[in-house]
Amino acid sequence: MYMLSKRNDSLTSEVNRSFYDDVMWGLRRSEKCLPSKYFYDAQGDVLFQKIMRCPEYYLTRCEEEILREQTADVAACFALKEPINIVELGAGDGSKTFHLLQFLTSSSNYVTYHPIDISSHILNHLEEDLKEKLPRLQVKSYHGDYFEGLAAIQQQTDLPKVVLFLGANIGNMSKVDATQFCSRMRSFLNKGDKVLVGFDLVKNPRIIQAAYDDEAGLTWQFNTNLLTRMNRELDANFNEELFEHYCHYDPISGTCSSYLVSLLEHRVVFPEDEIHFGKGELIHMEVSQKYLQAEIDEMATETGFLPIDSFADKRGWFVDVLWEAQ
Ligand SMILES: C[S@@+](CC[C@H](N)C(=O)[O-])C[C@H]1O[C@@H](n2cnc3c(N)ncnc32)[C@H](O)[C@@H]1O
């Protein structure tokens, strides 16, 4: 009896209830999946920062090179007049955005940066870091979902803005979902507003496969951290050691899919449900979609944007594209 009432307590907050409902929606399906937006608790943030630095994960280094070495060219395309408003969806630790913010604040006293992130932990870290390194920058953070944040910012200011969506976050959606996402993003913008979006490009499949299957096992830790989070916040009883990481890149579709594989038949108990796992059964954890430049340009025009410019790293593995809202 005590166990039951204690267990149900974990779902009394609205936040845990929607977390619980979202994961149950995925785990009750015949092809199990988990929503990737729950990866980022405090530990998930730390693990993702480690992934960004690991030798196989080229994406961060490519985009960092673009924003460090082509800062002036990218900023020139923003064509912003003061006061400058930069919004970032899923800002994370902002380590790459820093180059742009540093450049903009070196020439203007009126730059406001609006980072939006679902992780309060990473937002606090980002605010502290920017306060120390760029004291002249105004930072107005929004803790929550991308579009809740965009809606709130659109209400606060009607001034021209640039929206950043970096790190190939857009790749964590299917092509159809990414197209819907861009249309929805457009609906929160005024004509002439700009967006800078980071896309990972199609390349040698071995390079892509290795990026999501690192030697040190950080991707396993990152994925199983979501099971640990469900144990802590939802009173589940996952044994992380019963799951192995597997990823598969399909060079024809350009889709890299990550899974956790159940190593044994077993049951996981939640406060109001039990989930059965067969031996070898998969949980789909994340998709990382790779693009051709032509597909990116097509996505822009289909969703109400005009492609203005495209900034690639020296190897041509990654692009940050600049689009203008039409
Ligand atoms: C892959 S990381 C990339 C971070 C950063 N953009 C970069 O390039 O380094 C994704 C970030 O988006 C945030 N995020 C994921 N889903 C989100 C959502 N639905 N709404 C707001 N933030 C989200 C995560 O907390 C995380 O900080």
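Treat the numbers as computed from the prediction; the structure is a model and nothing was measured.

### Focus on the packing of helix α9 (residues 175-187) against helix α12 (residues 293-302)
- The N-to-C vectors of α9 and α12 enclose an angle of 40°; their axes lie 9 Å apart at closest approach. As judged from the angle between their axes, α9 and α12 are oblique. The handedness of the crossing between α9 and α12 is right-handed. Residues K175, A178, T179 and C182 of α9 form the contact with α12, whose own contacting residues are E295, M299 and E302.
- Along the lines of polarity and charge, the residues of the contact of α9 with α12 split into 3 nonpolar, 1 polar and 3 charged.

### Some remarks on the nonpolar core
- L34, F78, L196, M230, F238 and F270 are the most contacted members of the largest nonpolar core, which has 68 residues in total.
- Residues I116, F147, F165 and M299 belong to the second largest nonpolar core, which totals 29 residues.

### Focus: helix α8 (residues 146-156)
- Within α8 the residues assigned to the buried category are F147, G149, L150, I153 and Q154. What you see down the axis of α8 is that its buried residues fit within an arc of 155°, all on one side. Opposite the buried face of α8, by more than 90 degrees, sit the exposed residues Q155 and Q156.
- Residues of α8 that are buried make contact with β1 (84-89), β2 (111-117), β4 (142-143), β5 (161-165) and α9.

### Details of the domain arrangement of the chain
- By domain assignment, the chain separates into domain 1 (2-54 + 207-289) and domain 2 (70-201 + 295-325).
- Relative placement of domain 1 and domain 2: their C-alpha centres are 28 Å apart.
- Facing the 15 residues of domain 1 at the interface are 16 residues of domain 2.
- Across the domain 1 to domain 2 interface the summed buried area is about 1,200 Å²; carbon plus sulfur atoms make up 53%.
- When the buried area of domain 1 at its contact with domain 2 is split by residue, D45, Q49 and Q289 rank highest and sum to 37% of it.
- One can count 0 salt bridges joining domain 1 with domain 2.
- Taken together, the connections running from domain 1 to domain 2 amount to 7 residue pairs in polar contact (both at pLDDT 80 or more).
- Going through the elements one at a time, α3 (42-53), α10 (205-211) and β11 (282-289) are the ones with two or more residues in the side of domain 1 that touches domain 2.
- Among the elements that make up the side of domain 1 that touches domain 2, the one with the highest residue count is α3 (5 residues).
- Of the residues contributing to the side of domain 1 that touches domain 2, the split by class is 8 nonpolar, 4 polar and 3 charged.

### Notes on the UniProt feature "domain: Histidine-specific methyltransferase SAM-dependent" (unreviewed entry) in the chain
- Mapped onto this numbering, the UniProt entry annotates "domain: Histidine-specific methyltransferase SAM-dependent" (unreviewed entry) at residues 20-324.
- Within residues 20-324, the helical portion is 40% and the strand portion 25%, while the C-alpha atoms at the span's ends are 38 Å from each other.

### Side note on α3
- Helix length check: α3 (12 residues) gives 17 Å between terminal C-alpha atoms against 16 Å at 1.5 Å per residue, within 8%.
- Burial in α3 covers these residues: G44, D45, L47, Q49, I51 and M52.
- Residues of α3 that are buried sit in contact with α4 (58-69), α7 (120-133) and α11 (218-234).

### Details of the site of the ligand
- Near the ligand there are 17 residues, and of these G90, K96, D117, D145 and Y146 occur at the shortest range.
- One nitrogen or oxygen atom from the side chain of K96 is found 2.7 Å from an oxygen atom belonging to the ligand.
- A distance of 3.1 Å separates a nitrogen atom of the ligand from a polar atom in the backbone of Y146.
- For the ligand, the accessible surface in isolation is 600 Å², of which the surrounding protein chains cover 93%.
- When grouped by side-chain class, the residues that make up the shell around the ligand number 7 nonpolar, 6 polar and 4 charged.
- The two domains that each donate at least three residues to the shell around the ligand are domain 1 (2-54 + 207-289) and domain 2 (70-201 + 295-325).

### Considerations on the packing of aromatic side chains
- In total, this model carries 23 aromatic pairs according to the counting rule given.
- Relative to F188, the ring of F147 lies with its centre 5.6 Å away and its plane at 20°, an arrangement referred to as stacked. Here the residue F147 occupies a position in helix α8, and F188 occupies one in the loop between α9 and β6 (194-200), the gap between them amounting to 41 residues. Neither F147 nor F188 differs from the other in exposure class; each is buried.
- An aromatic cluster is defined as three or more aromatic residues linked by ring pairs; in this entry it consists of F39, Y40, F48, Y57, Y212 and F222.
- K32 extends its terminal NZ or CZ atom over the ring of F277, reaching a point 5.1 Å from the ring centre.

### Some words on the pattern of salt bridges
- Tallied over the entire structure, the rule returns 19 salt bridges.
- Put simply, R68 and E69 hold a salt bridge, and the shortest N to O gap is 3.1 Å.
- A residue is classified by how much of its surface remains accessible, and R68, at 40% relative accessible area, is partly exposed.
- In this structure E69 comes out as partly exposed when scored by relative accessible area, which is 45%.
- A salt bridge links D129 to K133; the nearest nitrogen and oxygen atoms lie 3.2 Å apart. Of this pair, D129 and K133 are both found in helix α7, 4 residues apart, which corresponds to roughly one turn of the helix.
- Judged by relative accessible area, which is 22%, D129 ranks as partly exposed.

Cut-offs and rules
Residues numbered from 1 in each chain as written. Predicted model: local features only at pLDDT ≥ 70, side-chain atom pairs only at ≥ 80, totals over all residues. Heavy atoms only, no water. Axes fitted to C-alpha atoms, helices over the stretch in contact; angles between N-to-C directions. Helix = DSSP H or I, 4+ residues; strand = E, 2+ residues; numbered from the N terminus. Parallel < 35°, antiparallel > 145°, perpendicular 65-115°, else oblique. Left-handed = near helix turned anticlockwise from the far one by under 90°. Contact = heavy atoms within 4.5 Å. Nonpolar A, V, L, I, M, F, W, Y, C, P; charged D, E, K, R; others polar. Core = buried A, V, L, I, M, F, W, Y, C linked by side-chain atoms within 4.5 Å. Buried < 20%, exposed > 50% of the residue type's maximum accessible area, 1.4 Å probe, protein only. Arc of directions from axis to C-beta. Domains from an automatic or database assignment. Buried area = accessible area lost by both parts, 1.4 Å probe. Salt bridge = Lys/Arg side-chain N within 4 Å of Asp/Glu carboxyl O. Polar contact = N/O pair within 3.5 Å; in protein donor to acceptor, adjacent residues only side chain to side chain. UniProt positions renumbered as here; feature names shortened; annotations may be inferred. Expected span 1.5 Å × (residues − 1). Near = heavy atom within 4 Å. Areas by Shrake-Rupley, 256 points an atom, 1.4 Å probe, with all protein chains shown as cover. Phe/Tyr/Trp six-rings, centres within 6.5 Å; stacked < 30°, edge-to-face > 60°. Lys NZ or Arg CZ within 6 Å of the ring centre and 35° of its normal.

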